[in-house]
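The chain contents come next:
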Amino acid sequence: MNRSAIRENAFKLIYSLEIQKEENIEEQIQLFIESNEIKDIQAQKYIKDVILGIQEKQETILKNIEQNLKAEWKLNRISKIDLSILKLAIYEIKYNEIPYKVAINEAVELAKKYGEDKSKNFVNGVLASIVNK
């Protein structure tokens with residue numbers, strides 16, 4: 001499983017947790033890995049790290065997003081898909097030391113695939129603003 005596919009799986013789980021608001025994150029990670037038959041140990045490790053890391057740093061990540069929105073925008077106005085993509089990319093850039101160009105490119109690709117027409121520009125704009133600060 002390549003890094004993009006692993007990242008896409010992590011995004012799917014982040015999105016699922018965003019919708020469900022589940023409390024037992026560890027159990028949800030395990031269920032996701034089993035139901036998607038993710039056998040690759042590196043993929044499992046990455047997904048666990050990202051999900052638990054985002055959970056731990058949630059407040060800081062959301063604050064980063066909020067501070068980089070246009071004045072008339074609020075967090076609750078962002079689609080759950082775009083929010084999930086942003087959480088993943090910000091976590092990778094700030095805490096996983098993934099080069100920001102790679103993280104932004106991957107986030108934009110996810111936005112093209114799963115988001116609305118304007119998602120790729122929105123995600124790119126927010127992440128570029130965060131990186132420039």
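For the structure itself, look to the data block above.
What counts, and where the lines are drawn
- Residues numbered from 1 in each chain as written.
- Predicted model: local features only at pLDDT ≥ 70, side-chain atom pairs only at ≥ 80, totals over all residues.
- Heavy atoms only, no water.
- Helix = DSSP H or I, 4+ residues; strand = E, 2+ residues; numbered from the N terminus.
- Rg over C-alpha atoms; globule rule 2.2 N^0.38 Å.
- Buried < 20%, exposed > 50% of the residue type's maximum accessible area, 1.4 Å probe, protein only.
- Expected span 1.5 Å × (residues − 1).
- Contact = heavy atoms within 4.5 Å.
- Phe/Tyr/Trp six-rings, centres within 6.5 Å; stacked < 30°, edge-to-face > 60°.
- Lys NZ or Arg CZ within 6 Å of the ring centre and 35° of its normal.
- 1 Å grid on protein atoms, 1.4 Å probe; cavity = no way out; pocket = protein on both sides within 12 Å on 5 of 7 lines; lining within 4 Å.
- Points joined across faces, edges and corners; volume = space filled by probe spheres on them.
- Nonpolar A, V, L, I, M, F, W, Y, C, P; charged D, E, K, R; others polar.

### Description of the overall build of the chain
Then, number 1: For the chain, the count of helices and strands is 6 helices and 0 strands.
Then, number 2: Counted from the first residue to the last, the chain has its helices and strands arranged as α-α-α-α-α-α.
Then, number 3: Expected size for 133 residues packed as a compact globule is a radius of gyration near 14 Å; at 14 Å, the chain falls within 12% of this value.
Then, number 4: Along the first, second and third principal axes, the C-alpha atoms of the chain reach 40 × 30 × 25 Å.
Then, number 5: A buried classification covers 43% of the 133 residues belonging to the chain.

### Section: helix H5 (residues 100–114)
Then, number 1: Taking 1.5 Å as the rise per residue, H5 with 15 residues should run 21 Å; its terminal C-alpha atoms sit 21 Å apart, in good agreement.
Then, number 2: Residues of H5 that are buried: Ala103, Ile104, Glu106, Ala107, Val108, Leu110 and Ala111.
Then, number 3: On its buried face, H5 sits against helix H1 (3–20), helix H4 (80–95) and helix H6 (119–132).

### What to know about the environment of Gln42
Then, number 1: For Gln42, the position within the fold is in helix H3 (residues 41–67).
Then, number 2: Counting along the chain gives 41 residues from Gln42 to Met1, while the straight-line C-alpha distance between them is 9.0 Å.

### Observations regarding the packing of aromatic side chains
Then, number 1: Within the structure shown, the criterion is met by 4 aromatic pairs.
Then, number 2: For the pair Phe11 and Tyr15, a centre-to-centre distance of 6.4 Å together with 25 degrees between the ring planes defines the contact as stacked. Of this pair, Phe11 and Tyr15 both sit in helix H1, 4 residues apart, roughly one helical turn.
Then, number 3: Relative accessible area serves as the criterion here: at 29%, Tyr15 is assigned to the partly exposed category.
Then, number 4: With 5.1 Å between their ring centres and 45 degrees between their planes, Phe11 and Tyr114 make a pair best called tilted. Of this pair, Phe11 sits in helix H1 while Tyr114 is found in helix H5, placing the two residues 103 residues apart along the sequence.
Then, number 5: In this structure Tyr114 comes out as partly exposed when scored by relative accessible area, which is 26%.
Then, number 6: An aromatic cluster of three or more residues is present, and its members are Phe11, Tyr15 and Tyr114.
Then, number 7: A cation sits over an aromatic face here: Arg77 above Trp73, 3.9 Å from the ring centre.

### Topic: the layout of surface pockets
Then, number 1: Its volume calculated, the largest pocket comes out at about 310 Å³.
Then, number 2: Taken together, 15 residues line the largest pocket, and the ones lying closest to its centre are Trp73, Asp82, Lys118, Asn121 and Phe122.
Then, number 3: With 5 residues, the single largest contributor to the lining of the largest pocket is H6.
Then, number 4: A per-class count over the lining of the largest pocket returns 5 nonpolar, 5 polar and 5 charged.
Then, number 5: Taken as a whole, the second largest pocket holds about 230 Å³ of empty space.
Then, number 6: Residue assignment for the lining of the second largest pocket shows that the elements contributing at least two residues are H1 and H3.
Then, number 7: Of all the elements, H3 adds the most residues to the lining of the second largest pocket, at 5 residues.
Then, number 8: In terms of residue class, the lining of the second largest pocket is made up of 6 nonpolar, 2 polar and 4 charged.

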